[in-house]
Number of protein chains: 4
Amino acid sequence: MARNTGRTFFNAPGPTNIPYQILRAMDRPSVDFMGEEFLQVQRDCLVGLKKVFKTEKTVIAVAASGHASWEAAMTNTLSPGDTVLVPESGYFSQKWSAMCEAFNLKVQAIPSEWSDPIDPAKVEAALKADVNGEIKAVAIVHNETSTGTCTDLAGIRGAMDAAGHDALLLVDTISSLGSMDFRFDEWGIDVAVGGSQKGLMLPVGLGFNAISDKAMEAAKTAKLPRKYFDFHELAPENGQMKFPGTAPFHMFFGLHEALGLIEQEGLEEVFKRHEKLASATRAAVEVWGSGNGPTLFCSDAARRSNSITSLAMPDGFDANELREACADNSNTVLGGGLGKLDGRVFRIGHLGDMNEPMMIGALSAVEINMARLGIPHGKGGVSAAIDYLASA
Amino acid sequence: MARNTGRTFFNAPGPTNIPYQILRAMDRPSVDFMGEEFLQVQRDCLVGLKKVFKTEKTVIAVAASGHASWEAAMTNTLSPGDTVLVPESGYFSQKWSAMCEAFNLKVQAIPSEWSDPIDPAKVEAALKADVNGEIKAVAIVHNETSTGTCTDLAGIRGAMDAAGHDALLLVDTISSLGSMDFRFDEWGIDVAVGGSQKGLMLPVGLGFNAISDKAMEAAKTAKLPRKYFDFHELAPENGQMKFPGTAPFHMFFGLHEALGLIEQEGLEEVFKRHEKLASATRAAVEVWGSGNGPTLFCSDAARRSNSITSLAMPDGFDANELREACADNSNTVLGGGLGKLDGRVFRIGHLGDMNEPMMIGALSAVEINMARLGIPHGKGGVSAAIDYLASA
Amino acid sequence: MARNTGRTFFNAPGPTNIPYQILRAMDRPSVDFMGEEFLQVQRDCLVGLKKVFKTEKTVIAVAASGHASWEAAMTNTLSPGDTVLVPESGYFSQKWSAMCEAFNLKVQAIPSEWSDPIDPAKVEAALKADVNGEIKAVAIVHNETSTGTCTDLAGIRGAMDAAGHDALLLVDTISSLGSMDFRFDEWGIDVAVGGSQKGLMLPVGLGFNAISDKAMEAAKTAKLPRKYFDFHELAPENGQMKFPGTAPFHMFFGLHEALGLIEQEGLEEVFKRHEKLASATRAAVEVWGSGNGPTLFCSDAARRSNSITSLAMPDGFDANELREACADNSNTVLGGGLGKLDGRVFRIGHLGDMNEPMMIGALSAVEINMARLGIPHGKGGVSAAIDYLASA
Amino acid sequence: MARNTGRTFFNAPGPTNIPYQILRAMDRPSVDFMGEEFLQVQRDCLVGLKKVFKTEKTVIAVAASGHASWEAAMTNTLSPGDTVLVPESGYFSQKWSAMCEAFNLKVQAIPSEWSDPIDPAKVEAALKADVNGEIKAVAIVHNETSTGTCTDLAGIRGAMDAAGHDALLLVDTISSLGSMDFRFDEWGIDVAVGGSQKGLMLPVGLGFNAISDKAMEAAKTAKLPRKYFDFHELAPENGQMKFPGTAPFHMFFGLHEALGLIEQEGLEEVFKRHEKLASATRAAVEVWGSGNGPTLFCSDAARRSNSITSLAMPDGFDANELREACADNSNTVLGGGLGKLDGRVFRIGHLGDMNEPMMIGALSAVEINMARLGIPHGKGGVSAAIDYLASA
């Protein structure tokens, strides 16, 4: 079958499938970005984003991708030489460490196997040991996109409270926001970092921050320089967002539609749907793995992500060869292993605008192409996923 | 799961899924429909359509649906009181009979079970019996959309030749054109009838006719009145199409893209893809049926359609209830039983812009919802389809 | 300037500019055309169309263009040999006469100069002279697209009443519907014929009929054959439209949006806007004509159309040369002269989705290119249009 | 007339009108941003951008707006405490000064009236006076968007050479790139800053930098921190761009189309078209001003911008009132006065996808609404613009 026949099953862990309503909302003429019509759209979006972040605090958007918003989280709250505690979770915790270093921050890592979730007890211990208060921030990935592991943020908050440490809690929600439960206010997050191209079902182009009062206060004295991403310039006291230059209007029209779709389905229903499709995926992988096929990479069943499943390939088989076969034969795009997992892991995204037959279709592409390539696997993985869904 | 989450699996037997490239090609400003830019698009489309019809004869398009082009096939070639031989194949042969009657034509039917294909021998016998030459046309459905049965047109042509009868051969290719092999010139068809919304992957809005020289000649004397659909007005001698009023430009821009996509894949490759996906579907149904579930409606394995599969429900179960569950729970649209098959049959379209995971996704929706509704069926239908594809 | 730089000023008299909201509404995946979601859209559209036609009677839509709906008006209400009274108004009254003849109807013409409006007194006289009641229908163009002349339909109704004649009144509203006032019920029209690509701002693809009770009754006995366009099949007693084959769903989604835009602006406001822009256009032409340039073709100031202005070229100058220059240099599309007016007349459409600067832009293209080509004209036409608008 | 009837005449100085081909190219499903298909699009775009910048050096794009790329120009080449020479040109030179200060750079301004162009002699004098070599960069706006004044960059380069100073030359081309001639290599620019939403006819979302070898070298030692915008990470040695996180694929598909449209017209032709439309605009303003109406803000006829014209309102009249009337009555969006020019100046953008009737339409909106509001002005401004175009 020619590669591009039919629809692409886009099951990378981001970007995700963009509903046609969102694409169409973005496909429109330029508007006066200072005009009342657009400003109302912009205001509505900030209200809607607050619901998704579960916060009543400040939320901002920038014309950039999520990586930039992570940079904003640091440059607005920290000063050169500050120490950041970074529990290792995978490829993205590594990237954030590198970003800290680029900004002359000291990184105190908590090393870990990537297949394991972050242990709140280790965070607590590290903070308790910081008797001089050198740690100014804890930087955590909520949902580690490279491993399919979800961090217990309530546990992290508890650890920080137990340690009585006042470090800021900076959290990357890029691959969880809008797909898995995230409670900015309840969990005492200080700066959350999100992006448009995952659970919010948009193209790349907007980065988000939710910001606590404590972080806004910190931004008044933090000495790392910034301008384009300055929290206080972006979120002036009147509550209106103020963009440096022209507002990214077409992304906002898309975001407006996306938030409407989420509202229509119901945010908790969105989470349940993700859990159901993730469970079906895991049911298939369990069967495959039972026959010496790919297995679930995340070691802790309780912390497996509902937005992404990482699969460890059996020894001697190349994950990328399977991904290429899925793309070439079955028009199905899967994620590869990142960093040291390259070739050993592939990732199935089940986040965003997804439903039962889309999920089964993607799983079938894996099953069909494993058979074609002679990759060992337990038979009946897709059947198990179907059975799960039928009884769910 | 809310009905409209994720993409719709549109597996009705028409309209079909419209590739985004086609939708985008149609989404454009008005053009001067007498300007050279558009006229070139129109000319290219006629050239491309001839390849799909496999003809070097006349091809026309009208702003209407395929039903209208069937009407055009009759009103341009026949006169009131003429007899038309209509072998029964299902719901659509019935509709064409009714159309004949509306135009004061006499219908000579060849009755048949809908589950059986048209028997060329019966056509030959009927023509041989027509010693007075009252039969002016044989009207045949190539691919009976209501039953998923494909007529042996080479056999029909052979029957007509064997009978030495000079009736016109009028053929409905609406649900086969661009999905299954059709050879207008080789099979000696006189008027073929097509539509935009099936294998050509467009919305409803264009009807097509391929017309033999013999039929063009017949149009000079045929007495049924027509104007909007007049073959000689639509296809003047210069080979340029001439529309009554404004040309349906946006459909032509879409058609241009559609023909390009078919050219890119290769027409014979398109047919092979349809055969593969149809075979996978049949593999699933065989398994379901083996456990007292739905069975293949078409009785003749050699004539089962590669564009549509009709499934007969087990007694006591309502096909429409299953279809509604698929739509409501799994965002999958299937076709219902037409006419006397309503409730007893449902239909899975596998024509047009379709690929492996789309097919498996749709089949999984059937399997999941049969389980949910307690409809008996052999387990593992989807697995059988996957196995078929893996080994195809 | 290269031809296609910037937006096309599409000031042909149809198709018209399609608002992006309508294009986007049409740019969507296939839907189940028997599903409740679409059926509601379809029902809403019929309700909206009735408002535009100003009728409480039957309204239907067919997948075809307006020409086909005119054919439907005749084949549903008349029988072979019937006489139709056709007052000459221009190219389109000629076309309808030709259509009558194709359907074996007798045409009784009322000859007229194309520059003059239809005279109700002549209609009255013709009907009074028809003592044997051979005239079964009067067929009138409301807004003659070829000349820019609007027929006094209230006057025609009055003439028919004064004559005491019970012929059906069939009216072509193709280039007036949604642009100029049309009152189906009040004016006692029996069948009105409309199309999607003019005041309704859609692409070609839908034809409309509004049908009086008297015409529906006539359809029960009329002997001209029809099936695809059969009023009683399209408008069954339950008030739901029933399409032959697949409904033209994407056109209906566009129509739904179009009717919403009209509702939002207000139908009477739409008419006022057309009158204003038409008046501005006429103000420009008066100035041009005062200097031996193009003049208003319609001889009767009271009956000049608010949707189209036809301009008679000064002797010795070719209208098509000017049109080509406008298209090639200024990306502005104008209509040409039809039939015997070819080369002598050009037409400026000001109907549909139009506003002040669009109108002035199109008029400026005419003025600039007249200057370039050395076509004589009074200076300051565009200024006069601007002055009109500023004071309107 | 209701505000939103017809097309918006978007004559703000940015964003600009987005051609439908670009919007449609962006309206597409997600793609694998690491797949060869997209990487080729990305590579093609960099090649095309180099032609627009007229450079053979490094070009990068970031998912952000032009302001961010200006920030990147500074953070990659400078260190805290460095001095930047900023000749005052208007609102945007002020903004860049503020950005310098946010990044702990010292600003040495060259004050000027905003109505005057930057004087290369003053730049030369300032550099000659910098005997200790404290000035590390000269930061210049090529086309001052707030005033409609174009800087003589060849003159600036000459001044720097004459002074024998090795400061880097950083240039903002945001509102000139793709509209007015810009010669990165020939003029010896070190870092140029561009954005997607002006001459490149895209939405906001991409920022561009062209970077000289000298600037790339400076980036190896510059001490201002950066990561998302790091030149060497974005432009690795292999010439392939490498994005932090997901590439902004939909913007690249749009950019690919935009560069194709520019290529099709020819870059020099694009410049000539801008000059012609700007000249027509100036012809209109000269007439208006001759009757105590708005006048050309830029004092130097030789340096008036071909992408934007700023108009100074007559005393006692509010520019914003006129802009609102244009928007509300004539669906025409104009730019307001920035900073201290608020209310005193309005701006007509004539850059991007613009043609003759679009320009005249926008000018007519100004003329109509000046009349409506009783703002004094010489009569016949639009006529003068028409005359200019007719004879150009």
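Note: the structure precedes this text.
Remember, it's a predicted structure, so these values are computed and weren't measured experimentally.

## So, the packing of helix 13 (residues 381-391) of chain C against helix 12 (residues 356-373) of chain D
So, point 1. Here helix 13 of chain C crosses helix 12 of chain D at 45°, and the two axes come no closer than 9 Å. Comparing the axis directions of helix 13 of chain C and helix 12 of chain D gives the class oblique. Classified by chirality, the crossing of helix 12 of chain D by helix 13 of chain C is right-handed. The residues of helix 12 of chain D that touch helix 13 of chain C, namely those facing C:I386, C:L389 and C:A390, are D:S364, D:E367, D:I368, D:A371 and D:R372.
So, point 2. Classifying every residue of the contact of helix 13 of chain C with helix 12 of chain D by side-chain character gives five nonpolar, one polar and two charged.

## Quick look at the relation of the copies chain D and chain C
So, point 1. Rotating chain D by 180° and moving it 0.0 Å along the rotation axis overlays it on chain C with an RMSD of 0.0 Å. Such a turn and shift between the copies fits a two-fold axis. Among all residues of chain D, the one whose C-alpha sits closest to the rotation axis is D:G361, at a distance of 2.2 Å.
So, point 2. Both copies present the same face, since 100% of the interface residues in chain D are matched by interface residues at the equivalent positions in chain C.

## Thoughts on the relation of the copies chain A and chain D
The two chain copies are connected by a rotation around an axis plus a translation along it.
So, point 1. For the pair chain A and chain D, the relating rotation is 180°, the translation along its axis is 0.0 Å, and the fit reaches an RMSD of 0.0 Å.
So, point 2. A shared binding surface is used by both copies, with 98% of the interface residues of chain A retained as interface residues in chain D.

## Quick word on the interface of chain A and chain D
So, point 1. Each partner contributes residues to the interface: chain A has 45 residues there, and chain D has 44 residues.
So, point 2. Carbon and sulfur atoms supply 63% of the area buried between chain A and chain D, which totals about 3,500 Å² over both sides.
So, point 3. Counting across the interface, chain A meets chain D through two salt bridges.
So, point 4. A salt bridge links A:R24 to D:D27; the nearest nitrogen and oxygen atoms lie 2.9 Å apart.
So, point 5. Counting across the interface, chain A meets chain D through 11 residue pairs in polar contact (both at pLDDT 80 or more).
So, point 6. Among the secondary structure elements, those contributing two or more residues to the side of chain A that touches chain D are helix 1 (20-26), helix 3 (66-75), helix 4 (91-102) and helix 9 (249-265) of chain A.
So, point 7. Residue contributions to the side of chain A that touches chain D peak at four residues, all from helix 4 of chain A.
So, point 8. Of the residues contributing to the side of chain A that touches chain D, the split by class is 26 nonpolar, 10 polar and nine charged.

## Quick look at empty space enclosed by the protein
So, point 1. Inspection of every chain in the model, using the stated rule, returns 16 cavities of 30 Å³ or more.
So, point 2. Its boundaries defined by the atoms lining it, the largest cavity holds a volume of some 110 Å³.
So, point 3. Of all the secondary-structure elements, those providing two or more residues to the lining of the largest cavity are strand 1 (9-11) of chain A together with strand 1 (9-11) of chain B.
So, point 4. Among the residues making up the lining of the largest cavity, the classes are represented as eight nonpolar, six polar and two charged.

## Some remarks on the side chain of D:H165
So, point 1. Considering the arrangement of structural elements, one finds D:H165 in the loop between helix 6 (153-163) and strand 8 (168-172).
So, point 2. A polar contact of 3.0 Å, which involves the side chain of D:H165, links it to the backbone nitrogen of D:A167.

## Description of the pairing of strand 12 (residues 308-312) of chain A
Residue and element names in this part refer to chain A.
So, point 1. The buried count for strand 12 comes to five of five residues, which makes it a mostly enclosed element.
So, point 2. On strand 12, burial covers both faces: I308, S310 and A312 on one face and T309 and L311 on the other are all buried.
So, point 3. With two bridges joining them, strand 11 (residues 295-296) and strand 12 adopt antiparallel strand pairing. Counterpart to T295 in the pairing with strand 12 is A312.
So, point 4. Bridge count between strand 12 and strand 14 (residues 345-349): five bridges; the pairing is antiparallel. The residue bridging L311 from the neighbouring strand is F346, located in strand 14.

Scoring rules and cut-offs
Residues numbered from 1 in each chain as written. Chains lettered and ligands numbered in written order. Predicted model: local features only at pLDDT ≥ 70, side-chain atom pairs only at ≥ 80, totals over all residues. Heavy atoms only, no water. Axes fitted to C-alpha atoms, helices over the stretch in contact; angles between N-to-C directions. Helix = DSSP H or I, 4+ residues; strand = E, 2+ residues; numbered from the N terminus. Parallel < 35°, antiparallel > 145°, perpendicular 65-115°, else oblique. Left-handed = near helix turned anticlockwise from the far one by under 90°. Contact = heavy atoms within 4.5 Å. Nonpolar A, V, L, I, M, F, W, Y, C, P; charged D, E, K, R; others polar. Least-squares fit on C-alpha atoms with pLDDT ≥ 70 in both. Buried area = accessible area lost by both parts, 1.4 Å probe. Salt bridge = Lys/Arg side-chain N within 4 Å of Asp/Glu carboxyl O. Polar contact = N/O pair within 3.5 Å; in protein donor to acceptor, adjacent residues only side chain to side chain. 1 Å grid on protein atoms, 1.4 Å probe; cavity = no way out; pocket = protein on both sides within 12 Å on 5 of 7 lines; lining within 4 Å. Points joined across faces, edges and corners; volume = space filled by probe spheres on them. Buried < 20%, exposed > 50% of the residue type's maximum accessible area, 1.4 Å probe, protein only. Pairing = 2+ DSSP bridges.

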